[in-house]
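The primary structure of each chain is shown beneath.
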Amino acid sequence: QFGLWIIMCGLRELTETFAVYLDRIQTACSLIALRRGKYTSDDLEKLRKTFPYKGIKGKLELLEKKFGIKTKNNDYLISISQVRNCFAHRRGIVGIEDCTKNNELIMKWKGIDLFIETSKGEIVPLNPPLPKDGILMETDGHVCLKFIERVEAFKKGTVIKLSPRNLAEICNVVLWSTREIKASTLEYAKSIGIAIK
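The shown structure was predicted, so the numbers you read here are calculated from the model rather than taken from an experiment.

Analysis parameters
- Residues numbered from 1 in each chain as written.
- Predicted model: local features only at pLDDT ≥ 70, side-chain atom pairs only at ≥ 80, totals over all residues.
- Heavy atoms only, no water.
- Helix = DSSP H or I, 4+ residues; strand = E, 2+ residues; numbered from the N terminus.
- Rg over C-alpha atoms; globule rule 2.2 N^0.38 Å.
- Buried < 20%, exposed > 50% of the residue type's maximum accessible area, 1.4 Å probe, protein only.
- Pairing = 2+ DSSP bridges.
- Axes fitted to C-alpha atoms, helices over the stretch in contact; angles between N-to-C directions.
- Contact = heavy atoms within 4.5 Å.
- Parallel < 35°, antiparallel > 145°, perpendicular 65-115°, else oblique.
- Left-handed = near helix turned anticlockwise from the far one by under 90°.
- Nonpolar A, V, L, I, M, F, W, Y, C, P; charged D, E, K, R; others polar.

S.K.: I'd like to hear about the overall build of the protein chain, residue by residue, with values.
M.R.: Secondary structure summary: the protein chain contains five helices and three strands in total. For the protein chain, the sequential pattern of α-helices and β-strands runs α-α-α-α-β-β-β-α. Compactness check: the protein chain gives a C-alpha radius of gyration of 21 Å against a globular reference of 16 Å for 197 residues, more than 25% above the reference. Each principal axis of the C-alpha atoms in the protein chain carries an extent, and together these give about 70 × 45 × 30 Å. The buried share among the 197 residues of the protein chain stands at 38%.

Laid out in structure tokens, this is it:
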């Protein structure tokens, strides 16, 4: 139980920090837009007051609508946020308000699979934990990496359980997303005449 609590606290901290990051992106874009006359101070004051109280889904939608800021990982980020909400409000016990379809809460993210592909076409997974003595191969092969969509379905009334590896991969999704959002923010600035050095 303690291990599960630690993992879910990590997820909660991750999503809270990402939400603060989105707040800062909104502030930066608002200042740029105001400076260039794209929005009035009254328009941006309304946004400033409401934005912090939106969930991650609402923040992502507003950033795209107002400034064209986006990431390819929106669906992943929203489903991760829904799991965080379930943990924060219902101790991780899936309620009807958490369910997206078929009385299930669906969580999706992009993970990484490592494996060896031998010259005979055999696939040898390299998922942790690896044996302490390593893996003895009888033939040659290449170490390969593959991005894969992971999907977990938690039924209504069950407790959400994630592994340390799940959390590590989810952290990567958020990291990749922050980089995309940063790049999109710089593009927005350039599009309204801000010189980027």
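Following the structure, the description resumes.
S.K.: Hey, could you go over unusual backbone geometry for me, with residue numbers and the actual values?
M.R.: One non-glycine residue, Arg-91, lies in the positive phi region at around 55°. For Arg-91, the position within the fold is in the loop between α4 (74-90) and β1 (104-118). Its relative accessible area of 67% is what places Arg-91 among the exposed residues. The phi dihedral of Asn-103 falls on the positive side, at around 55°, and the residue is not glycine.

S.K.: I'd love a proper account of the sheet that holds strand β3 (residues 141-155), names of residues and values included.
M.R.: Pairing is antiparallel across the open sheet formed by three strands, whose spatial order is β2-β1-β3. Whereas interior strands pair on both sides, the edge strands pair on one side only; in this sheet they are β2 (123-125) and β3. Averaged over all neighbouring strand pairs, the angle between strand axes comes to 40°, with direction disregarded. Here α4 sits on the sheet and contacts β1 and β3; the angle it forms with β1, its principal contact strand, is near 120°.

S.K.: If you had to explain the side chain of Ser-30 to someone new, which residues and values would you point to?
M.R.: Here Ser-30 shows up in helix α1 (residues 2-35). Residue classification places Ser-30 among the buried positions, given a relative accessible area of 8%. Beyond its immediate sequence surroundings of up to four residues, Ser-30 is in contact with Leu-44, Leu-47 and Phe-67.

S.K.: Go over the pairing of β1 with me, naming the residues and quoting the values.
M.R.: Note: β1 against β3, 15 bridges, orientation antiparallel. Among the inter-strand pairings, Lys-108 is bridged to a residue of β3, identified as Val-151. Hairpin connection, β1 to β2: the antiparallel pair is bridged by four residues, and Gly-121 has positive phi, about 85°.

S.K.: Hey, could you go over the packing of α1 against helix α3 (residues 56-67) for me, with residue numbers and the actual values?
M.R.: Between α1 and α3, the least distance of the axes is 10 Å, while the angle of their chain directions is 20°. By the angle between their axes, α1 is roughly parallel relative to α3. Here α1 and α3 pass one another in a crossing that is left-handed. For the pair α1 and α3, contact is made by Thr-15, Phe-18, Ala-19, Leu-22, Asp-23, Ile-25, Gln-26, Cys-29, Ser-30 and Ala-33 and by Ile-56, Lys-59, Leu-60, Leu-63 and Phe-67, respectively. Broken down by class, the residue content of the contact of α1 with α3 amounts to ten nonpolar, three polar and two charged.

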